[in-house]
Amino acid sequence: SAVISQKPSRDICQRGTSLTIQCQVDSQVTMMFWYRQQPGQSLTLIATANQGSEATYESGFVIDKFPISRPNLTFSTLTVSNMSPEDSSIYLCSVGTAQETQYFGPGTRLLVL
Amino acid sequence: GQQVMQIPQYQHVQEGEDFTTYCNSSTTLSNIQWYKQRPGGHPVFLIQLVKSGEVKKQKRLTFQFGEAKKNSSLHITATQTTDVGTYFCAGPRNFNKFYFGSGTKLNVKP
């Protein structure tokens, strides 16, 4: 199993600002993922964080809005840039592949005013 | 593209009643996973089904994978208040990624 921590756990931000969310895993993992969960909704994959190369973004998500870093095999950051109220969501990082158990971090609850 | 649909969206039951959520895919799945998310929490892995027609049990929870590997169900017998939460199925999109179902939110009245 993997233990994942995220910082911050929650934040309230003003529109137009940016927030960087950190994800730390207690073991080296190849695949790290960032998800968004809007209120009352399911999980939507934002991107796959690749170590040593650019993140792979899903349709509807772009690097300028959600830049991702993956400096090593245990850590990743997701930045939500130029925020608007529509960005108010829970942001979750996870590890694992589609053939294995997915472990999720506790999530970052973001409210944009 | 591949989609994973889940019904019902909500279910309110009296404690002790049974509960079932259904998951359907437009394409054949290599496996399907089920997750539970408690209110205010994050998704937690429950089980993975791989074989056609597979049935797995965890105490009061019974998971089934359809013969065609396109549908799955989660059945809870005699619900308890600790079962409250949202249940998601998830099917692989490719080797590394998942499609999550829309989820079924279960509320159990004591």
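Throughout what follows, the structure given in this document is the object of discussion.

Cut-offs used in this document
- Residues numbered from 1 in each chain as written.
- Chains lettered and ligands numbered in written order.
- Predicted model: local features only at pLDDT ≥ 70, side-chain atom pairs only at ≥ 80, totals over all residues.
- Heavy atoms only, no water.
- Helix = DSSP H or I, 4+ residues; strand = E, 2+ residues; numbered from the N terminus.
- Rg over C-alpha atoms; globule rule 2.2 N^0.38 Å.
- Areas by Shrake-Rupley, 256 points an atom, 1.4 Å probe, with all protein chains shown as cover.
- Lys, Arg positive; Asp, Glu negative; His and termini not counted.
- Charge placed at Lys NZ, Arg CZ, Asp CG, Glu CD.
- Contact = heavy atoms within 4.5 Å.
- Pairing = 2+ DSSP bridges.
- Axes fitted to C-alpha atoms, helices over the stretch in contact; angles between N-to-C directions.
- Patch = residues over 30% accessible without salt bridge, like charges linked within 9 Å, V, L, I, M, F, W, Y side chains within 5 Å.
- Salt bridge = Lys/Arg side-chain N within 4 Å of Asp/Glu carboxyl O.
- Buried area = accessible area lost by both parts, 1.4 Å probe.
- Polar contact = N/O pair within 3.5 Å; in protein donor to acceptor, adjacent residues only side chain to side chain.
- Buried < 20%, exposed > 50% of the residue type's maximum accessible area, 1.4 Å probe, protein only.

Now for the overall build of chain A. Within chain A one finds 0 helices and 11 strands. Ordered by position in the sequence, the α and β elements of chain A form the string β-β-β-β-β-β-β-β-β-β-β. Its C-alpha atoms give chain A a radius of gyration of 13 Å, within 12% of the compact-globule value 13 Å for 113 residues. Expressed as lengths along the three principal axes of its C-alpha atoms, the size of chain A is roughly 35 × 25 × 25 Å. Of the accessible surface of chain A, which amounts to about 5,200 Å², a share of 49% is contributed by carbon and sulfur atoms. A gap of 8 Å separates the mean positions of the 7 positive and 8 negative side-chain charges of chain A.

When helices and strands are tallied, chain B shows 0 helices and 11 strands. Going from the N terminus to the C terminus, chain B shows its helices and strands as β-β-β-β-β-β-β-β-β-β-β. Rg of the C-alpha trace for chain B: 13 Å, near the compact-globule value of 13 Å for 110 residues, within the 12% margin. Seen through its principal axes, chain B has C-alpha atoms that stretch 40 × 25 × 20 Å. Taking the intrachain contacts of chain B between residues at least 6 apart in sequence as the baseline, contacts between residues at least 24 apart amount to 53%. With an accessible surface of roughly 5,400 Å², chain B has 52% of that area assigned to carbon and sulfur atoms. The positive charge centre, built from 13 side chains, and the negative charge centre, built from 6, are 10 Å apart in chain B.

What follows deals with the sheet that holds strand E3 (residues 19-25) of chain B. In a beta sheet, neighbouring strands pair by backbone hydrogen bonds and run either parallel or antiparallel. All names here are of chain B. The sheet built from 5 strands is open, its strands ordered E1-E3-E8-E7-E6 with antiparallel pairing. The open sheet is flanked by strand E1 (4-7) and strand E6 (55-58), the only strands paired with a single partner. If you compare each strand with its neighbour and ignore which way they point, the axes differ by 15° on average. In the sheet, E3 pairs with strand E8 (residues 71-76) via 6 bridges, with the strands oriented antiparallel.

Taken together, A:Ile12, A:Leu111 and A:Leu113 make up a surface patch of nonpolar side chains, about 280 Å² in accessible area. Mapping A:Leu111 onto the fold places it in strand E11 (residues 108-112).

This paragraph deals with the interface of chain A and chain B. At the junction of the two partners, chain A supplies 23 residues and chain B supplies 22 residues. Between chain A and chain B, a total of about 1,700 Å² is buried, with carbon and sulfur atoms accounting for 52% of that surface. Across the contact surface, chain A and chain B share 1 salt bridge. Applying the counting criterion to the chain A and chain B interface returns 6 residue pairs in polar contact (both at pLDDT 80 or more).

It is worth spelling out the sheet that holds strand E3 (residues 19-25) of chain A at this point. Residue and element names in this part refer to chain A. One open sheet holds the 4 strands; their spatial order is E1-E3-E8-E7, and the pairing between them is antiparallel. Looking along the sheet, the strands with just one partner apiece sit at the ends: strand E1 (4-7) and strand E7 (68-72). Strand after strand, the sheet turns through a mean of 15° between neighbouring axes, direction not considered. Of the strand pairs in this sheet, E1 and E3 are connected by 4 bridges, and their pairing is antiparallel. From the neighbouring strand, Ile4 faces E3, where its bridge partner is Val25.

Okay, the pairing of strand E7 (residues 61-65) of chain B next. All names here are of chain B. Taken across its 5 residues, E7 has 4 buried, putting it largely inside the fold. Relative to E7, E6 is paired through 4 bridges, and the arrangement is antiparallel. Following the sheet pairing, Lys57 is matched in E7 by Thr62. Two successive antiparallel strands, E6 and E7, enclose a turn made up of 2 residues, where Lys59 displays a positive phi of approximately 55°. By the bridge criterion, 5 bridges tie E7 to E8 in an arrangement that is antiparallel. When the sheet's bridge partners are listed, Leu61 is paired in E8 with Ile76. Counting the residues between successive antiparallel strands, the hairpin from E7 to E8 contains 5 residues, one of them, Lys69, with a positive phi of roughly 60°.

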